[in-house]
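Coordinates in review
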Amino acid sequence: MAKASQATWGGRFTAGPAELMLQFSESVSFDRRLAPFDVAGSKAHSAMLAHVGLITAAERDAIHAGLDAIHAEIIAGKFAWDTRLEDVHMNLEHALTKRVPAAAKLHTARSRNDQIATDMRLWFKWACGVLGEKLLGAERALLALAQANQAVLIPGYTHLQRAQPVSLAHHLLAWLEMLERDRARFADVADHANWCPLGSGAIAGTTLPIDREFTARALGFTDAKGRPRVTANSMDAVADRDVHVEFAAAAALFGVHLSRIAEDLILWSSAEFGFATLSDAFSTGSSLMPQKKNPDACELLRGKAARLQGNLQTLLSLAKGLPLTYNRDLQEDKPPVFDSFDQSAICADVLAGVLGGLTFHAERCAAAASDPALLATDLADYLVEQGVPFREAHHAVGAVVRLAEKHTIRLDHLPLEEVQQVHPAFKADWVQVFDPRRGLAKRAGTGMPGPAQIARQLKRWRRQLG
Ligand code: ARG
């Protein structure tokens, strides 16, 4: 029998829960990481209770001192967590009760339902801030890499077939766009989390004269102008898990981006591409084949994406079809959310490390980009500049490509007369098109891979990333 450990709700029970039930229903093994937020919530709540006269200032101070002492014990690793006390809330309240008589008043006008909703919102705001910083680190590593590789040309690919030459920096800056959207998405999630549910009680608020705005302000649930933000419906406030889903969705999409970046790097570091070499620090060897250097860090970044997607799916499935309002199912919302955070955080760090240790082989890159056929589109543009309609130009260049294939010579080695037989608009200067720098120089418009545009984008990124 475990009746003693059910002090917070055991009043109407004659028998305590089975040992198996205790084991089954505990969450403290994973929600203990909410302790700093639970402490902050309890301090704000008790400050509010004192503010409205439901407890005395002395009781508030005693509660605060007790919570601070408990928090210090937790940080020092000296707190004795007890799974029989179910969750982080009851562990803290139990510890406080042993120290401070006024602890018995702390749960006035509060339920674990609005308490956990508050803890999680505070946690999301913190977690999104941490991920934002880590993403910034990876983005800065990427920016440095792009700056160092503006002059390197690589083929851009569609369908994993060589398409058109681009500056390597342009490819790297494409990744940067992806990561910056991720950073913005986590910031949006933090903003969505920024509403205070405390005061919603179990489901229907309270009959006591609490001041929700006071609590919200004390916990930093405020808008840009410092006005408190409190949730508008007590039932929604305790049932809502949208932010959990949004957070996991942001992480899952970050994972998709990680996996695409990783896949490019895996290809580039293969002997077949030979564009780049990964640092030893983020590669591993084979236990059997002595020559192997494997891109395990990138493969794991790619693999973690699956896990992040799984966590999102878990949360969607968990919330689907649940009747309003709180149901204990919702305790299962935490492991996937925490896992998405932990994995996203380490992935962002690893990505920064991988990028920081990358070396590119400019000659291999240039060789891959040197096939004049990659400039066939520029050749069509050349005809357009001679007044040829694009469809006709496309067709003519196609015929020229076919001709080169027939003679098994490079496109730019075809004699002018033969080319002119295909279309009279080809002039003696037609071969100038095959200087890849010419085409890039002309690509100066916003979003294009020309050097002037890349320089402008790099400047913008330097400003944006600090
Ligand atoms: N540990 C619980 C959870 O994470 C806290 C809320 C419990 N509420 C309740 N009515 N049992 O969901």
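Notes on the structure in this doc start here. From a predicted model like this one, the values you see are computed outputs, not experimental measurements. (Residues numbered from 1 in each chain as written. Predicted model: local features only at pLDDT ≥ 70, side-chain atom pairs only at ≥ 80, totals over all residues. Heavy atoms only, no water.)

Another point: the pattern of salt bridges. By the definition in use, this model includes 25 salt bridges. Ionic pairing is found between Glu-73 and Arg-99, a salt bridge with its closest N-O pair at 2.5 Å. With Glu-73 in helix H4 (residues 57-75) and Arg-99 in helix H5 (residues 88-99), this residue pair connects regions lying 26 residues apart in the sequence. Lys-134 is paired through a salt bridge with Asp-349; the nearest N and O atoms lie 2.8 Å apart. One end of the pair, Lys-134, is in helix H6 (residues 112-148); the other, Asp-349, is in helix H12 (residues 334-356), and 215 residues separate them in sequence. Residue class for Asp-349 comes out partly exposed when judged on its relative accessible area of 39%. (Salt bridge = Lys/Arg side-chain N within 4 Å of Asp/Glu carboxyl O. Helix = DSSP H or I, 4+ residues; strand = E, 2+ residues; numbered from the N terminus. Buried < 20%, exposed > 50% of the residue type's maximum accessible area, 1.4 Å probe, protein only.)

Next up on the list: the layout of surface pockets. In this model, the largest pocket occupies a volume close to 430 Å³. Taken together, 17 residues form the lining of the largest pocket, with Tyr-157, His-171, Trp-175, Arg-260 and Asp-264 sitting closest to its centre. Only strand E1 (153-158), helix H7 (168-193) and helix H10 (242-268) provide two or more residues apiece to the lining of the largest pocket. Classifying every residue of the lining of the largest pocket by side-chain character gives nine nonpolar, five polar and three charged. (1 Å grid on protein atoms, 1.4 Å probe; cavity = no way out; pocket = protein on both sides within 12 Å on 5 of 7 lines; lining within 4 Å. Points joined across faces, edges and corners; volume = space filled by probe spheres on them. Nonpolar A, V, L, I, M, F, W, Y, C, P; charged D, E, K, R; others polar.)

Every residue close to the ligand is listed here: Ser-27, Asp-87, His-89, Arg-112, Asn-113, Ile-116, Tyr-326, Gln-331 and Lys-334. Between Asn-113 and the ligand, the recorded distance is 2.9 Å, taken from a side-chain N or O atom to a nitrogen atom. Between the ligand and the protein, one listed contact pairs an oxygen atom with a side-chain N or O atom of Tyr-326 at 2.4 Å. With the chains in place, 87% of the 340 Å² that the ligand exposes on its own is no longer accessible. Across the shell around the ligand, the residue classes break down as two nonpolar, four polar and three charged. (Near = heavy atom within 4 Å. Polar contact = N/O pair within 3.5 Å; in protein donor to acceptor, adjacent residues only side chain to side chain. Areas by Shrake-Rupley, 256 points an atom, 1.4 Å probe, with all protein chains shown as cover.)

This part covers the side chain of Ser-340. Considering the arrangement of structural elements, one finds Ser-340 in helix H12. When its relative accessible area of 0% is taken as the criterion, Ser-340 is described as buried.

With the exception of glycine, most residues fall at negative phi, and the peptide bonds are largely trans. The linkage connecting Leu-324 with the following residue, Thr-325, adopts the cis geometry, with an omega of 5°. Not every positive phi belongs to a glycine, and Glu-86 is a case in point at roughly 65°. Locating Glu-86 in the fold gives a position in the loop between H4 and H5. When its relative accessible area of 6% is taken as the criterion, Glu-86 is described as buried. Here the phi dihedral of Thr-408 falls at roughly 45°; this positive angle occurs in a residue that is not glycine. Overall, the relative accessible area of 70% leaves Thr-408 in the exposed class.

Here we take up the packing of aromatic side chains. For the structure shown, the criterion picks out 18 aromatic pairs. Between the aromatic rings of Trp-123 and Trp-126, the centroid separation amounts to 6.3 Å while the plane-to-plane angle is 50°, which identifies the pairing as tilted. One end of the pair is Trp-123 and the other is Trp-126, both in helix H6 and three residues apart, which spans about a single turn. Classification of Trp-123 by relative accessible area gives buried; the value is 1%. (Phe/Tyr/Trp six-rings, centres within 6.5 Å; stacked < 30°, edge-to-face > 60°.)

As a further point, take the packing of helix H11 (residues 296-319) against H12. Packing of H11 against H12 leaves a shortest axis separation of 10 Å and a crossing angle of 160°. Viewed along their axes, H11 and H12 adopt a mutual orientation that is roughly antiparallel. H12 is crossed by H11, and the crossing has left-handed handedness. Along its contact with H11, which presents Ala-297, Cys-298, Leu-301, Lys-304, Arg-307, Leu-308, Asn-311, Thr-314 and Leu-315, the element H12 presents Pro-336, Val-337, Asp-339, Ser-340, Gln-343, Ser-344, Cys-347, Val-350, Leu-351 and Val-354. For the contact of H11 with H12, the residue count by class is 11 nonpolar, five polar and three charged. (Axes fitted to C-alpha atoms, helices over the stretch in contact; angles between N-to-C directions. Parallel < 35°, antiparallel > 145°, perpendicular 65-115°, else oblique. Left-handed = near helix turned anticlockwise from the far one by under 90°. Contact = heavy atoms within 4.5 Å.)

The values are spatial; any link to function lies outside them.
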